[in-house]
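As a plain string of letters, each chain reads:
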Amino acid sequence: MAKPLKVDEVWLERIAELLDDMEFGSLHIVVHEGQIVQMERTERKRFENSSARISGEAGNRRTDVRSAGRG
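Right, let's walk through the structure included here.

Basis of the calculations
Residues numbered from 1 in each chain as written. Predicted model: local features only at pLDDT ≥ 70, side-chain atom pairs only at ≥ 80, totals over all residues. Heavy atoms only, no water. Helix = DSSP H or I, 4+ residues; strand = E, 2+ residues; numbered from the N terminus. Buried < 20%, exposed > 50% of the residue type's maximum accessible area, 1.4 Å probe, protein only. Phe/Tyr/Trp six-rings, centres within 6.5 Å; stacked < 30°, edge-to-face > 60°. Lys NZ or Arg CZ within 6 Å of the ring centre and 35° of its normal. Pairing = 2+ DSSP bridges. Salt bridge = Lys/Arg side-chain N within 4 Å of Asp/Glu carboxyl O. Contact = heavy atoms within 4.5 Å.

### Points about the overall build of the chain
Of the regular secondary structure elements, the chain holds 2 helices and 2 strands. Each helix (α) and strand (β) of the chain, taken in turn from the N terminus, gives the series α-β-β-α. Here the chain holds 71 residues, and the buried ones make up 8% of them.

Structure below.
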């Protein structure tokens, strides 16, 4: 039978701290035998392209870097 999860005030503060200021992302909480043992924060940064030309140039650079490594 699964043990009940123990979440005290310290863990609630840690969780709130990791979520603070996050706009896009996730918080992965790992529980082992009814206790939190690990938390992983994954944050995404989203940027708007100022023009199509800039994103096209960036795409070309990435392609050039990849093909340069294969030669």
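### A few points about the packing of aromatic side chains
Applying the stated criterion to the full structure yields 0 aromatic pairs. Of note, R46 hangs over the ring of F24, and the distance from its end group to the ring centre comes to 4.2 Å.

### Quick look at the pairing of strand β2 (residues 35-44)
Where strand β1 (residues 24-32) lies against β2, 9 bridges are found, and the strand directions are antiparallel. Note on β2: the bridge partner recorded for F24 is R44. Where β1 folds back on β2, the antiparallel hairpin that results is connected by 2 residues, among which E33 adopts a positive phi of roughly 50 degrees.

### Concerning the pattern of salt bridges
Throughout the structure, instances matching the rule amount to 2 salt bridges. Residues R41 and E43 are paired through a salt bridge, measuring 2.6 Å at the closest nitrogen-oxygen approach. Taking the shortest distance from any N to any O, the salt bridge between K45 and E43 comes out at 3.6 Å. On the basis of relative accessible area, E43 is assigned to the partly exposed category, the value being 28%. Here the salt bridges share partners, and the residues they tie into one network are R41, E43 and K45.

### Some details on the environment of V7
The topology assignment puts V7 in the segment before α1 (9-19). In contact with V7, not counting residues within four places along its chain, are L12 and I36.

### Structural notes on unusual backbone geometry
For residues besides glycine, phi is generally negative; the peptide bonds are generally trans as well. Despite not being glycine, D21 shows a phi value in the positive range, around 70 degrees. Positionally, D21 belongs in the loop between α1 and β1. Positive phi outside glycine occurs at E33, with the angle close to 50 degrees. Position of E33 relative to the elements: it lies in the loop between β1 and β2. For E33, a relative accessible area of 55% gives the class exposed.

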